[in-house]
Amino acid sequence: MLEARAAVRRLKEYHPPLGGRVGLRLDFNENTVGCSPRVLERLRQVQFEPLARYPERESVERQVAAHLGVEPAGLLLTNGVDEAIHLICETYLEPGNEVLIVEPTFSMYEIYAAATGAQVITIPAGPEFSYPTDSVLAHISPRTRLIAIANPNNPTGAVVPRSDLLRILRAAADAAVLVDEAYFDFYGETSLAEIERFPNLFAARTFSKAYGLAGLRIGVLAGGAEQMAMVRRVSSPYNVNAVALACLPEALADQEYVRAYVAEVRQGRERLEQELGSLKLHFWPSQANFVLVGIGEGHEAFLGGMRKRGILVRDRSRDPGCDGCVRISVGSNEQTERLIVALREVVRAISPMGVPA
Ligand SMILES: Cc1ncc(COP(=O)(O)O)c(C=O)c1O
């Protein structure tokens, strides 16, 4: 009988709860109001010709490289950051290699890494989900081939100081260090500028979050030109579809739209964090477009109460160290106000003591 590879058979199934997402979507950290109108206009103009041809990535890649200030030879457009992670694993990992990740974090690092047969070593986050740099450094061995770091991290919103990233890059010169900057727009600090100094550094960006294009699937992987030439060898030449390539220049050109959305999210994040404080709910200060909240025992009732009010938030209670936790994405001001009204009602309903005055 045909059998999948042993490493694949050992993988756990991963089913993000995507079915029937009706209501205010604060569960997947997407943009909650949609992309730039310029992108929609470009979509309306798409003709049969680009759909009939295989997509050409290079000219758009040059535009994205110019936008990010990196060499085109060091940049690959990908089918979302998910594919960027997959390509890094395919390029660098073999059975017997070690991969370091700090938990809790984004699930796809472990899945793609384990699928190659490499051994994934999970290191628990430090106090209040801080990045345990010393512990990561202590785990680096001659077998370490990849260290994946979400900065800011999902689901915690925590960040890694630049000086700590540099220590890891220096200590793991024979490993790929992937800094996943999916939430860069809401944070503002990047490792891109370090690529020239560190040939083992890769940075990934996405258009799924601030740009509102999760459904088009476009991301970026940047690294040194020499290493990226290797990554390109395992990539399909047609990994990014023609519609995404047609829309991306418009999305990039409308920076005003992205700036306005990001500003609103950052304001909303502050507003939400203040409100969580007044409701005496424990939360972890976030640099991304979501906040992780410790609800505790009532977390099932909390999720149900929010759902009843038409607001989808994400149960993260099964993530390591996240017992009773829920992750709430932040959207527009109006949506944040609606969220806060619902939060007050639900917290009052599930708390036997009621909400403090
Ligand atoms: C840290 C992190 N990286 C990558 C992704 C996936 O990004 P993309 O939509 O570009 O595949 C996510 C999505 O939630 C994420 O949280």
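The sections below set out a description of the structure shown in this document. (Residues numbered from 1 in each chain as written. Predicted model: local features only at pLDDT ≥ 70, side-chain atom pairs only at ≥ 80, totals over all residues. Heavy atoms only, no water.)

Regarding the packing of helix α12 (residues 255-278) against helix α14 (residues 333-350)
Phase 1: Taken N-terminus to C-terminus, the directions of α12 and α14 make an angle of 15°; their axes are 9 Å apart at the nearest point. By the angle between their axes, α12 is roughly parallel relative to α14. The way α12 lies across α14 gives a crossing that is right-handed. Between α12 and α14, the residues in contact are Glu264, Gln267, Gly268, Arg271, Leu272, Glu275 and Leu276 and Asn333, Thr336, Glu337, Leu339, Ile340, Leu343 and Arg344, respectively.
Phase 2: Residue composition of the contact of α12 with α14, by class: five nonpolar, four polar and five charged. (Axes fitted to C-alpha atoms, helices over the stretch in contact; angles between N-to-C directions. Helix = DSSP H or I, 4+ residues; strand = E, 2+ residues; numbered from the N terminus. Parallel < 35°, antiparallel > 145°, perpendicular 65-115°, else oblique. Left-handed = near helix turned anticlockwise from the far one by under 90°. Contact = heavy atoms within 4.5 Å. Nonpolar A, V, L, I, M, F, W, Y, C, P; charged D, E, K, R; others polar.)

Some remarks on the sheet that holds strand β8 (residues 219-223)
Phase 1: Taken in spatial order, the seven strands line up as β2-β8-β7-β6-β5-β3-β4 in an open sheet, and their pairing is mixed. Here the strands that pair on one side only, and so sit at the sheet edges, are β2 (75-78) and β4 (119-124). Adjacent strand axes in the sheet meet at a mean angle of 20° when their direction is disregarded.
Phase 2: For strand β3 (residues 98-103) and strand β5 (residues 144-150), the ladder comprises four bridges, and the chain directions are parallel. The residue bridging Val99 from the neighbouring strand is Leu146, located in β5.
Phase 3: With respect to the sheet, helix α5 (residues 80-92) is in contact with β2, β5, β6 (176-180), β7 (201-206) and β8, its orientation differing from that of β2 by roughly 125°. (Pairing = 2+ DSSP bridges.)

Side note on unusual backbone geometry
Phase 1: Backbone torsion omega between Glu103 and Pro104 reads 0°, so that peptide bond is classified as cis.
Phase 2: Inspection of the secondary structure assignment puts Pro104 in the loop between β3 and α6 (108-115).
Phase 3: Note that the residue after Asn154, namely Pro155, is joined by a cis bond; omega there is 15°.
Phase 4: On the secondary structure map, Pro155 appears in the loop between β5 and α8 (162-171).
Phase 5: For Glu128, which is not glycine, the phi dihedral falls at a positive 55°.
Phase 6: Examined against the element boundaries, Glu128 turns out to sit in the loop between β4 and α7 (133-139).
Phase 7: Given a relative accessible area of 54%, Glu128 falls into the exposed group.
Phase 8: The phi angle at Arg217 is positive, at roughly 60°, despite the residue not being glycine.
Phase 9: On the secondary structure map, Arg217 appears in the loop between β7 and β8.
Phase 10: Assessed through its relative accessible area of 26%, Arg217 is described here as partly exposed. (Buried < 20%, exposed > 50% of the residue type's maximum accessible area, 1.4 Å probe, protein only.)

So, the pattern of salt bridges
Phase 1: One pass over the structure, following the stated rule, counts 21 salt bridges.
Phase 2: In this structure, Arg25 and Glu30 form a salt bridge, with 2.7 Å as the shortest nitrogen-oxygen distance.
Phase 3: What makes Arg25 partly exposed here is its relative accessible area of 26%.
Phase 4: Among the salt bridges present, the one from Asp82 reaches Arg217, with a minimum N-O distance of 3.7 Å. Residue Asp82 is located in helix α5, and its partner Arg217 is located in the loop between β7 and β8; the two are separated by 135 residues in the primary sequence.
Phase 5: A residue is classified by how much of its surface remains accessible, and Asp82, at 24% relative accessible area, is partly exposed. (Salt bridge = Lys/Arg side-chain N within 4 Å of Asp/Glu carboxyl O.)

Keep in mind that these numbers describe shape and distance, not what the molecule does.
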